[in-house]
Amino acid sequence: MKSPVVTVFGATGFLGREICQALVEEGWIVRLAARQPNRVLLSGIPRDRSERVAVDIRRRPEVARALEGAAAAVNAVSLYVQSRKLRFEDVHVRGAAAIAECAREQGVDRLVHISGIGVDPQSPSAYVRARAQGEQAVREAFAGATVLRPSVLFGPGDAFVSNLVKIARLPAVPLFGRGQTRLQPAFVEDVAEAVNVALHRPDSTGRVYELGGGQVLTYREAVTAVMKELGVRRPLMPVPFVFWKLIAALLRPLPNPPLTRDQVVLMATDNIAGSEIPGFADLELEARRFDQALTMCLKSVFS
Ligand SMILES: NC(=O)c1ccc[n+]([C@@H]2O[C@H](COP(=O)([O-])OP(=O)(O)OC[C@H]3O[C@@H](n4cnc5c(N)ncnc54)[C@H](OP(=O)(O)O)[C@@H]3O)[C@@H](O)[C@H]2O)c1
């Protein structure tokens, strides 16, 4: 029997790569879809189990072509910093809707849409508002879509731990506020496995899952854990959020600002899975703890 095809939008991204790996191992033919699908080498993905297709999800005919003959689709496309030409709505609302609508029109059986914990249509963050509108648009177009909302992702080659390492090397470590915002970092491979499981479980159809990792910790505790692993000691320096917002405003004219207002807003809000919403356990998965996987992540930072 021919293996089924799954189209993974955002396949070359940090999470997308792990999703492709997990799905290939499960027997899928993976169609890697991104604007530059050959940008990264994916060593664990054999050529005869994969296809690459150039797609900009803002162009509907390209989205439709990428879904031809697919049994399933995953949307792991991201945009964290918007510009005048490329807005959050283009990718997180209209792009997400185009994937869901084309998937329905083409008779794709299953769709997994990756969103994020904390979606809120009233949020002061344009990014968070767009994610909420995107989920809504996906649900309207494809009622059976499974929405996965991970907390901040970590794993080898991530942005989260790599940034904490840079910060831990400063003479004093600046905190967002007093560093009391609670996070529940999710290991990237665990989230990829959740996508794999969700595609197979009929009971995940039309449901939302919040994927928090095995450990809840404050930002202050996360920086301290990284410093401990690195064997360094630095004073922690609380910095009020208004000051961070000012820095973000000053950095705004840069083409690729290292800090945005949206990121400051995110850092002011707890990012943990809701107790009433299904999570890893409902997919019969056990999420790794941050401190368990930290050594492995740090090895990749220094390799
Ligand atoms: N990383 C985290 O901590 C985190 C936390 C919570 C939720 N999430 C969610 O997880 C998902 C994946 O995030 P990530 O961190 O893995 O993202 P990422 O590393 O930035 O990767 C983004 C992917 O999207 C593709 N892409 C961007 N714009 C596109 C477009 N217009 N058309 C087609 N493809 C496009 C990129 O490839 P090209 O540039 O070649 O197109 C790349 O493959 C997102 O939904 C994100 O919001 C991430």
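See the structure above.
Here is a short report on the structure shown in this document. (Residues numbered from 1 in each chain as written. Predicted model: local features only at pLDDT ≥ 70, side-chain atom pairs only at ≥ 80, totals over all residues. Heavy atoms only, no water.)

### Some words on the environment of Gln-184
Okay, so step 1: Inspection of the secondary structure assignment puts Gln-184 in the loop between β9 (182–183) and β10 (186–187).
Okay, so step 2: Looking at Gln-184, the relative accessible area reads 12%, which means it is buried.
Okay, so step 3: Taking the C-alpha atoms as reference, Gln-184 lies 6.4 Å from Leu-217; in sequence the two are 33 residues apart.
Okay, so step 4: Setting aside anything within four residues of it in sequence, one finds Gln-184 in contact with Ser-151, Gly-212, Gly-213, Gln-215, Val-216, Asn-271, Ile-272 and Ala-273. (Helix = DSSP H or I, 4+ residues; strand = E, 2+ residues; numbered from the N terminus. Buried < 20%, exposed > 50% of the residue type's maximum accessible area, 1.4 Å probe, protein only. Contact = heavy atoms within 4.5 Å.)

### Structural notes on the environment of Val-223
Okay, so step 1: Locating Val-223 in the fold gives a position in helix α7 (residues 219–230).
Okay, so step 2: Residue classification places Val-223 among the buried positions, given a relative accessible area of 0%.
Okay, so step 3: Here the alpha-carbon distance between Val-223 and Leu-170, two residues 53 residues apart in the chain, equals 12 Å.
Okay, so step 4: Residues in contact with Val-223, not counting those within four places in the same chain, are Leu-164, Val-173, Leu-175 and Leu-236.

### Brief notes about the nonpolar core
Okay, so step 1: If you look at the biggest cluster of nonpolar residues, it comprises 36 residues, and the most contacted ones within it are Ile-19 and Val-74.
Okay, so step 2: In terms of residue count, the dominant contributor to this core is helix α6 (residues 188–200) (eight residues).
Okay, so step 3: Sequence-distant contacts of Ile-19, defined by excluding residues within four places in its chain, comprise Val-8, Val-74, Ala-76, Ile-114, Ala-192 and Val-195. (Core = buried A, V, L, I, M, F, W, Y, C linked by side-chain atoms within 4.5 Å.)

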